[in-house]
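Examining the three-dimensional arrangement
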Amino acid sequence: MPPQNFVILGGGISGLTAAWYLARNAPSSTKITLLEASNRFGGWIQSTRVGEEWILFEQGPRTLRPSGLGAYIILDMAAKLNLIGFIHAVGKYEPAAKNRYLYYPDRLIQLPGGSLLSGLKSIVQNKFILSSLHSVIREPFIKPLKNLDDESIHDFISRRFNSTLADTLMSALVHGIYAGDAKKLSIKSTFKQIFDMEQIYGSVIKGTINSRKLSTLSQKDQNWLNLLCEENKDLFAFMSTTSLYSFANGIEQLVHAIVNDLKVRENVTIKMSHNVKELKFDKEIEIYTNDGTFRADHIISTIPSHELACLLPELPYLTYNPSVTVAVVNIAYGRQNLLPVKGFGYLIPHITPNNPYHVLGVVFDSDAMPHQDYKKDKYTKLTVMMGGHYYNDLSGNDYPNKDELLSQAVETIEKQLGVYSTPLQCMAKVHRKCIPQYYVGHYSRMKELHYAIKKKYGKRLSVGGASYFGVSINDCVTNSARLALDLLRNNDEKVIVTGLERVEGN
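Residues numbered from 1 in each chain as written. Predicted model: local features only at pLDDT ≥ 70, side-chain atom pairs only at ≥ 80, totals over all residues. Heavy atoms only, no water.

With respect to the overall build of the protein chain
When helices and strands are tallied, the protein chain shows 19 helices and 19 strands. On C-alpha atoms alone, the protein chain measures out to a radius of gyration of 23 Å, which is about the 23 Å that the 2.2 N^0.38 rule sets for 506 residues. For the protein chain, the spread of C-alpha atoms along the principal axes amounts to about 65 × 60 × 50 Å. Looking at the protein chain as a whole, 55% of its 506 residues are labelled buried. Considering only residue pairs separated by 6 or more positions, the protein chain has 76% of its internal contacts joining residues 24 or more positions apart. Accessible area for the protein chain stands at about 22,700 Å²; split by element, carbon and sulfur atoms hold 51% of it. When the 56 positive and 48 negative side-chain charges of the protein chain are each reduced to one mean point, those points stand 4 Å apart. (Helix = DSSP H or I, 4+ residues; strand = E, 2+ residues; numbered from the N terminus. Rg over C-alpha atoms; globule rule 2.2 N^0.38 Å. Buried < 20%, exposed > 50% of the residue type's maximum accessible area, 1.4 Å probe, protein only. Contact = heavy atoms within 4.5 Å. Areas by Shrake-Rupley, 256 points an atom, 1.4 Å probe, with all protein chains shown as cover. Lys, Arg positive; Asp, Glu negative; His and termini not counted. Charge placed at Lys NZ, Arg CZ, Asp CG, Glu CD.)

Some thoughts on the packing of aromatic side chains
Two aromatic rings, taken as a pair, are described by how far apart their centres are and by the angle between their planes. Applying the stated criterion across every chain yields a total of 11 aromatic pairs. On the numbers, 6.3 Å between centres and 80° between planes, the contact of Tyr21 with Trp224 is edge-to-face. In this pair, Tyr21 sits in helix H1 (residues 13-25) while Trp224 sits in helix H12 (residues 219-231), placing the two residues 203 residues apart along the sequence. On the basis of relative accessible area, Tyr21 is assigned to the buried category, the value being 6%. Under the relative-accessibility criterion, Trp224 is labelled buried at 13%. The lysine or arginine in question, Arg49, covers the ring of Tyr374, its NZ or CZ lying 4.5 Å from the ring centre. One Lys or Arg, Arg100, reaches over the ring of Phe344 and ends 4.4 Å from the middle of that ring. (Phe/Tyr/Trp six-rings, centres within 6.5 Å; stacked < 30°, edge-to-face > 60°. Lys NZ or Arg CZ within 6 Å of the ring centre and 35° of its normal.)

A few points about the nonpolar core
Counting residues in hydrophobic clusters, the biggest one holds 54 residues, and the most contacted among them are Ile13, Tyr21, Ile73, Ile258 and Leu262. Examining the composition of this core, we find that nine residues originate from one element, helix H19 (residues 473-489), more than from any other. (Core = buried A, V, L, I, M, F, W, Y, C linked by side-chain atoms within 4.5 Å.)

Overview of the pattern of salt bridges
Counting across every chain of the model gives 21 salt bridges. Between Arg107 and Asp106 there is a salt bridge whose closest N-O contact spans 3.4 Å. When its relative accessible area of 41% is taken as the criterion, Arg107 is described as partly exposed. In this structure, Asp486 and Lys220 form a salt bridge, with 3.0 Å as the shortest nitrogen-oxygen distance. Remark: Lys220 occurs in helix H12 and Asp486 occurs in helix H19; sequence separation between them is 266 residues. Through salt bridges with shared partners, a single network forms among Glu139, Glu151, Arg159, Arg160 and Glu198. (Salt bridge = Lys/Arg side-chain N within 4 Å of Asp/Glu carboxyl O.)

Digging into unusual backbone geometry
For the bond running from Tyr104 to Pro105, omega is -20°, close enough to zero to count as cis. Backbone geometry places Trp54, a non-glycine residue, at a positive phi of 55°. Residue position: Trp54 is located in the loop between strand S3 (47-50) and strand S4 (55-58).

Overview of the pairing of S4
Burial along S4 is two-sided: the face carrying Ile55 and Phe57 and the face carrying Leu56 and Glu58 are both buried. Relative to S4, S3 runs antiparallel, the two sharing four bridges. What sits directly across from Thr48, in S4, is Phe57. The hairpin turn running from S3 into S4, its antiparallel successor, is four residues long, and Gly51 in that turn takes a positive phi close to 70°. (Pairing = 2+ DSSP bridges.)

Concerning the sheet that holds strand S17 (residues 380-388)
Across a sheet, paired strands are connected by hydrogen bonds in the backbone, their directions being either parallel or antiparallel. One open sheet accounts for seven strands, arranged S7-S6-S15-S16-S17-S14-S18; its pairing is mixed. Pairing within the sheet leaves two strands with one partner each, and these edge strands are strand S7 (108-110) and strand S18 (423-436). Strand-to-strand, the axes of this sheet are offset by a mean angle of 25°, without reference to chain direction. Relative to S17, strand S16 (residues 359-363) runs antiparallel, the two sharing four bridges. What sits directly across from Val359, in S17, is Met386. With respect to the sheet, helix H17 (residues 402-417) is in contact with strand S6 (100-103), S7, strand S14 (323-333), strand S15 (345-347), S16, S17 and S18, its orientation differing from that of S14 by roughly 65°. (Axes fitted to C-alpha atoms, helices over the stretch in contact; angles between N-to-C directions.)

A closer look at the environment of Tyr391
Of note, Tyr391 is situated in the loop between S17 and H17. For the pair Tyr391 and Lys429, spaced 38 residues apart in the sequence, the C-alpha separation amounts to 14 Å. If we skip the residues at most four places from it in the chain, Tyr391 touches Thr325, Ala327, His358, Met386, Tyr399, Pro400 and Leu405.

Considerations on the sheet that holds strand S11 (residues 285-289)
The antiparallel open sheet is built from three strands, whose spatial order is S10-S11-S12. Each edge of the sheet is formed by a strand with only one pairing partner; in this case those strands are strand S10 (276-281) and strand S12 (292-296). Ignoring which end each strand starts from, the neighbouring axes of this sheet average 20° apart. Here S11 pairs with S12 via five bridges, running antiparallel. Its bridge partner being in S12, Glu286 is matched across the sheet by Arg295.

Some details on the confidence of the model for the protein chain
Taken residue by residue, the protein chain gives an average pLDDT of 93. The fraction at 70 or more is 95%. With pLDDT under 50 throughout, residues 115-121 is counted as low confidence; its partners more than four residues away or in other chains account for four contacts. (pLDDT = per-residue confidence, 0-100.)

What to know about the packing of H1 against H19
Two numbers describe how H1 lies on H19: the axes approach to 8 Å, and their chain directions differ by 35°. In terms of crossing hand, the pair formed by H1 and H19 is right-handed. Residues Ile13, Ser14, Thr17, Ala18, Tyr21, Leu22 and Asn25 of H1 lie in contact with H19, whose contacting residues are Ile473, Cys476, Val477, Ser480, Ala481, Ala484, Leu485 and Leu488. For the contact of H1 with H19, a count of residues per class yields 11 nonpolar, four polar and no charged. (Left-handed = near helix turned anticlockwise from the far one by under 90°. Nonpolar A, V, L, I, M, F, W, Y, C, P; charged D, E, K, R; others polar.)

Next comes the structure, spelled out in structure tokens:
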């Protein structure tokens, strides 16, 4: 029998999604309580309008991709939350979709993509891409390491291709997704499809050619996807021409819609400023917070694993992976078309010299999501991201303050983009420990954690959130929605749902 009284720890997108899916699919007699420690919901998602101009700044994630199961789940949620009219989409043939850059060693390099002509031009003009062509050609003939347990991203790409690609393209990509160090992160847990290509086909290139045969979905997830497609035919047809999307008031508009929907449900209670101090597993589970005690028969924890470790220190590996700190600086200039190129933005690999402020990348918000500002043709908007693994040795007051971050970001834009102008509006924020780092061996550790939860807590504890399998919004939403449905559909007393089921059999 499914639990009758859920308590969800954490009010970020993972916790909110779990609560929303439970609320929509559980019997009305099921009690659902969500506890958030801070004074706001949404976690790292934060959309803010500033100044008299009401310019929109995204201090966290700014766009969503309309592909994969997670995308369809979010779009289905948006439809049910009456957000479809607020979707702002960027087409597949717009500059933000076609043009992406690296900054290396001292200039912007357009990555191959978009048209065939621009791709060939990029290859011919850039030595590091040109010098890597032979490694791509010979990759299918390199003997695979079958039954490989895991490897760092850097080691995998160096072995299958060459160290140049690992140090440039992959380093930059890892900076953009994880703000992390490709020499430490697990290929199996971050780019599992690429890892599986070698294991199944013996080659990444062969796997890419046969990628349509390589399903990343279980049959259950494929059935779920088919159902979502059937219910949203017109919406998904429209989104098939889209490369990126967001909402009129930013990603946080999705958060507000979920929260408002939960607030009107009689069997749902959501609380802010409720910091969990202790969990006691007795006949009932008792949850002690700074502002009262709650009871449950099942807990879904979506708080960072290192925070859960303080509550359940006997569980293994919750503190093994660190989480990096990222500084985000939003800048709007009072003139349009100040940038030398059009596109989504650029990433900076770790080997780029003269990067004293540890910039990870710069997003061209004016191009990436051009219709969110009321006077969209008046501004040039950028977001500069700094720190990540470069900040690993910093703590407390060691991080740059807001004035220092703004100065560093403006100087970076001047030197790298040639934009010499006084910002009209700006904002800087340091997100402490915001992106978990899946170090080599993460998958195996999660397998041990999965069985430890089953043995110690049985059917009373599940985990979700970015600490385990995927840091993107699409990943977090998918994992939480799947977890909620698995818990509600589980009528087998012998089956225990921990949220980490994917590790079984791998």
